[in-house]
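Overview (structure and organization)
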Amino acid sequence: YQEWHLVRRPQGAPVDEDFELVGGERPRLDDDTVLVRNTFLSVDPYMRGRMNDGPSYVPAFRLGAPMDGGAVGVVREVSGEVKDSTGRAVQVGDTVLHGLGWRTHAVLPGRALRVVDTDVAPSQAWLGVLGMTGLTAYAGLLRVAGFREGDVVFVSAAAGSVGSLVGQIAHLKGASLVVGSAGGPEKTRWLVDDLGFDRAIDYKAEPIGKALEEAAPDGIDVYFDNVGGDHLEAALSSFKQHGRAAICGMIQRYNDTEAAPGPRNLALVIGKRLRIEGFIQSDHLDLRDDFEREVGGWVREGKVQWRETVVEGIEEAVHGFQALLTGGNTGKMLVRL
Ligand code: NDP
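Source: prediction; values computed, not measured. Residue numbers restart at each chain and count upward from 1, following the sequence in its written direction. Owing to the predicted nature of the model, reporting of local features is limited to residues with pLDDT of at least 70; listing and counting of side-chain atom pairs is limited to 80 or more, with chain, interface and lining totals taken over all residues.

Here we look at the packing of helix α2 (residues 132-144) against helix α8 (residues 288-301)
In this description, a line fitted to the C-alpha atoms serves as the axis of each element, helices being fitted only across the stretch in contact, and the angle between N-to-C directions of two axes falls anywhere from 0 to 180 degrees. Going along the chain from the N terminus, every DSSP run of H or I of four or more residues is numbered as a helix, and every run of E of two or more is numbered as a strand. Across the interface, α2 lies against α8 with an axial gap of 10 Å and an inter-helix angle of 100 degrees. As far as their axial angle goes, α8 and α2 are roughly perpendicular. The segment α2 lies against α8, with Gly 134, Leu 135 and Tyr 138 engaging Arg 288, Phe 291 and Val 295. Under the scheme applied here, ten amino acids are nonpolar (Ala, Val, Leu, Ile, Met, Phe, Trp, Tyr, Cys and Pro), four are charged (Asp, Glu, Lys and Arg), and all others, including Gly, are polar. Here the contact of α2 with α8 is composed, by residue class, of 4 nonpolar, 1 polar and 1 charged. An angle below 35 degrees is read as roughly parallel, one above 145 as roughly antiparallel, one from 65 to 115 as roughly perpendicular, and any other as oblique. A residue pair is marked as a contact if its C-beta atoms, positioned from the backbone, fall within 7 Å.

This is the structure:
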């Protein structure tokens, strides 16, 4: 049994010394709980925020205690009659989704897990395209940004787990133009060649503002922001009247040790009558059934694609997380145990 602890709050980019892999005895079953052997752990950008102290929408990780996060695994033992959060009986051998990642095994009550259907897609897809990041893309684009057929859509971090689905949903739902930005030619090629993006910008090769003006010369209606900083400025400049931004993440800022100045062109919000709205996916769980039906259907029909970048072994989990923050992933970043 092994679990990752946060032992020091990172200053800037997280380094190996901020974490410790701790071994010990496998947790024991209580009444009405199950023992899960984790098979895939999710590492996600929001975890960087949880490594800082201070108030946020999710509690900070405690120092010297195991971190947590999304995971899937296989049920090894069941004590008593356990039903999952949907009321389904849990049995040994079931594949389950839960929130006790960053460790090899987990003991959970039924309400804290969900049995997942591995006929639709492999188990780890429930951490990505059919899971938290998928719902983020779906709710953020369709509800928060109020996507409408014919919109011109720009999404940043477009080759990541959230962004790659945002662009595909926009395309499938009749956007007139889908533009994505990502770091490097392999990523931008994937967007255009395989995912149905109309245009892709390699923001590492050219300034994002000018590139966006060229990619969407008539302006954009929707910006799905995963990055913040210069990408948000570029979107503000390119917005048409009554443009809408869903602010999902600002990964450019997560390792900052001091607050950075806001977009220099924020005053454009007034004259362009823009609506800029931040959101947290967990506020939109009421959309989960629609999301699973619609995106699950596209996955089954092969209309939606996803990629994974997988690091192997619990020992590599921190390295996987560090790589995620610097663009070492295409699609969902995962740790396989
Ligand atoms: P991704 O799979 O998109 O991985 C993060 C990506 O961010 C990297 O691959 C990298 O891609 C890009 N990136 C890193 N640093 C920079 C930088 N300085 N400038 C531009 N791009 C950068 O992660 P997720 O899909 O899980 O998350 C995407 C965003 O959505 C994050 O901001 C995250 O915090 C947010 N999020 C918000 C949720 C919510 O409820 N609001 C829920 C889930 C995620 P590249 O190589 O292209 O630079």
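Some thoughts on the domain arrangement of the protein chain
In this entry, domain limits derive from an automatic or database-based domain assignment. With domains assigned, the protein chain is organised as domain 1 (2-127 + 310-336) and domain 2 (132-279). Once you take the C-alpha centre of each, domain 1 and domain 2 turn out to be 29 Å apart. Counting from both sides, the interface comprises 14 residues of domain 1 and, opposite them, 14 residues of domain 2. Looking at the side of domain 1 that touches domain 2, its residues break down into 4 nonpolar, 8 polar and 2 charged.

Some points on the site of the ligand
Contacts to the ligand come from 28 residues, most closely from Gly 160, Val 162, Gly 183, Gly 249 and Gly 327. Only α2, α3 (161-172) and α9 (317-325) provide two or more residues apiece to the shell around the ligand. Of all the elements, α3 adds the most residues to the shell around the ligand, at 3 residues. Its residues placed into classes, the shell around the ligand shows 14 nonpolar, 12 polar and 2 charged. Any residue whose C-beta atom, as placed from the backbone, lies within 6 Å of a molecule or strand is termed near it.

Details of the pairing of strand β3 (residues 33-42)
Put plainly, a residue is buried at 20 or more neighbouring C-beta atoms within 10 Å of its own, exposed at 12 or fewer, and partly exposed in between, counting only other residues' C-beta atoms, which are placed from the backbone. Counting buried positions along β3 gives 8 out of 10 residues, so the element sits mostly inside the fold. Here, a strand pair is defined by DSSP locating no fewer than two bridges between the strands. Sheet topology places β3 next to strand β7 (residues 105-109); 5 bridges connect them, and they run antiparallel. Each bridged residue has a counterpart across the sheet, and for Thr 33 the counterpart in β7 is Pro 109. Sheet analysis places β3 next to strand β5 (residues 71-78), joined by 7 bridges and oriented antiparallel. Directly across from Val 36, in β5, lies its bridge partner Val 75.

Brief notes about the UniProt feature "domain: Enoyl reductase (ER)" (unreviewed entry) in the protein chain
UniProt positions are given in the numbering used here, feature names are shortened, and annotations may be inferred rather than shown by experiment. Using the residue numbers shown here, the UniProt feature "domain: Enoyl reductase (ER)" (unreviewed entry) corresponds to residues 12-335. For residues 12-335, helix accounts for 26% and strand for 24%, while the C-alpha atoms at its two ends are 23 Å apart.

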